[in-house]
Amino acid sequence: MRVTAAVLLVLCLLAVSHAWDCQKVVNIKNLMQIDAGLGQVVATDTSQVPYYLVGDTWIRLPGSLKHITVGPAGIWGVNKADSIYKYVAGNWVQAAGLLKQLDAGGEQFIVGANMDDTPFCLTRSATVGYKGPGSPLPWTALPGAVKYYSCGPFGCWAVNKNDDIFLMSLNQDCQNNGWSHIDGKLSMIEVATDGSVFGVNSAGSVFTRDGITASKPEGTGWSNIPMSMRMGHVTYDLSRLWVVSKTAVTMVCTP
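Cut-offs applied
Residues numbered from 1 in each chain as written. Predicted model: local features only at pLDDT ≥ 70, side-chain atom pairs only at ≥ 80, totals over all residues. Heavy atoms only, no water. UniProt positions renumbered as here; feature names shortened; annotations may be inferred. Phe/Tyr/Trp six-rings, centres within 6.5 Å; stacked < 30°, edge-to-face > 60°. Helix = DSSP H or I, 4+ residues; strand = E, 2+ residues; numbered from the N terminus. Buried < 20%, exposed > 50% of the residue type's maximum accessible area, 1.4 Å probe, protein only. Core = buried A, V, L, I, M, F, W, Y, C linked by side-chain atoms within 4.5 Å. Pairing = 2+ DSSP bridges. Axes fitted to C-alpha atoms, helices over the stretch in contact; angles between N-to-C directions. Contact = heavy atoms within 4.5 Å. Polar contact = N/O pair within 3.5 Å; in protein donor to acceptor, adjacent residues only side chain to side chain. Salt bridge = Lys/Arg side-chain N within 4 Å of Asp/Glu carboxyl O.

Going by an unreviewed UniProt entry, the protein carries the name Fish-egg lectin-like and comes from Salvelinus namaycush. In its Sequence similarities (unreviewed entry) section, UniProt records this for the protein: "Belongs to the tectonin family."

The structure is reproduced here in structure tokens:
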């Protein structure tokens, strides 16, 4: 039997597929974006309403946000005007600057990207100490151009407008060694609190990075996680993979 290159490619993809048990989340509808970290889950819906998960109940948070994040740096979000907010004592406190996307998964520091795809970092001391107007916010511009940016204990991962993937070592003072290109193509990427990396490509397929350790933060390769529909967003925490489809259906998956 003649085996074509296309057949070999399919066989290779199947060989690195990871089967997960996924269930539809029925008590929340029309989510657009979701983020999990340190046992917490937050999300925004297509009307830009933010939510916080308590048990099996989604609690509506005040305000209107297009993107929300939770992690060691706390709970932060940005609205449709790219204004930045930190959740402090039950209310959103506006922070200086403009970002279209941000991430709280680093070691108590914040990273994000602005409308021009310029990546920024806020030091740990400024992130933790921010209580409102008057608190210092020394945003540090980083090299390169990225549209989506996420950090974890072993480094920060990002994707650019061409869906190219990059990895950067970044510390709590925003000191870095520049970007390293990683194989593959993804339209968004998320790093979990434990260092796991997940992403979604332009076709709506979900992937995870294998072999990530403190000594090998770049990992060894990508594995596909089969889904029953095209996905648009993904996040992971405590053995739960949360995915939101391009049609705003939310699923929670376990390995």
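Student: Sorry if this is basic, but what is going on with the packing of aromatic side chains here?
Tutor: Ring pairs (aromatic) are described by centroid distance and by the angle formed between their planes. Applying the stated criterion across every chain yields a total of eight aromatic pairs. Measuring from ring centre to ring centre gives 6.1 Å for tryptophan 20 and tyrosine 236, while their planes differ by 85°; the resulting arrangement is edge-to-face. On the criterion of sequence distance, the pair formed by tryptophan 20 in the loop between helix H1 (5–15) and strand E1 (21–24) and tyrosine 236 in strand E22 (residues 231–237) is long-range, its members being 216 residues apart. Classification of tryptophan 20 by relative accessible area gives buried; the value is 17%. Through a chain of ring-to-ring contacts, three or more aromatic side chains come together here, namely Trp20, Phe198 and Tyr236.

Student: Can you walk me through the nonpolar core in this structure?
Tutor: Burial of nonpolar side chains together is a common tendency in soluble globular proteins. Trp157, Ile189, Trp222 and Leu241 are the most contacted members of the largest nonpolar core, which has 29 residues in total. Counting residues in each nonpolar core, the second largest holds 16 residues, with Trp76, Val78, Phe120 and Ala126 among its members.

Student: Explain the sheet that holds E22 to me, please; I cannot follow it from the model alone.
Tutor: Each strand in a sheet pairs with another by means of backbone hydrogen bonds, the pair being arranged parallel or else antiparallel. With antiparallel pairing, four strands are arranged side by side in an open sheet as E1-E24-E23-E22. The open sheet has two edge strands with one neighbour each: E1 and E22. Between one strand and the next, the sheet's axes are offset by a mean angle of 25°, whatever the strand orientation. In terms of strand pairing, E1 meets strand E24 (residues 250–254) through four bridges, oriented antiparallel. Residue pairing for E24: aspartate 21 is matched across the bridge by threonine 254.

Student: Help me understand the environment of aspartate 35 in this model?
Tutor: You can see aspartate 35 is positioned in strand E2 (residues 31–37). Aspartate 35 sits 107 residues away from leucine 142 along the chain, and the two C-alpha atoms are 23 Å apart. Not counting residues up to four positions away in its chain, the partners in contact with aspartate 35 are Gln40, Val41, Val42, Ile68, Thr69, Val70, Glu190 and Thr235. One polar contact links the side chain of aspartate 35 to the main-chain amide nitrogen of valine 70, over a distance of 2.9 Å.

Student: What's the story with the pattern of salt bridges in this structure? I'm lost.
Tutor: Working definition: two side chains of opposite charge can pair if their charged atoms are close together. Counting across every chain of the model gives six salt bridges. Among the ionic pairs, lysine 100 bridges to aspartate 117, the shortest N-O distance being 2.5 Å. Taken together, the positions of lysine 100 in the loop between strand E9 (91–98) and strand E10 (101–103) and aspartate 117 in the loop between strand E11 (110–113) and strand E12 (119–122) put the pair 17 residues apart, joining distant regions of the chain. Take lysine 100: its relative accessible area is 24%, and that puts it in the partly exposed class. The class of aspartate 117 is buried, set by a relative accessible area of 12%.

Student: Can you help me understand the side chain of threonine 250 in this one?
Tutor: By the secondary structure assignment, threonine 250 is in strand E24. The contacts of threonine 250, once residues within four sequence positions are left out, are Gln23, Lys24, Val25, Leu31, Trp242, Val243 and Val244.

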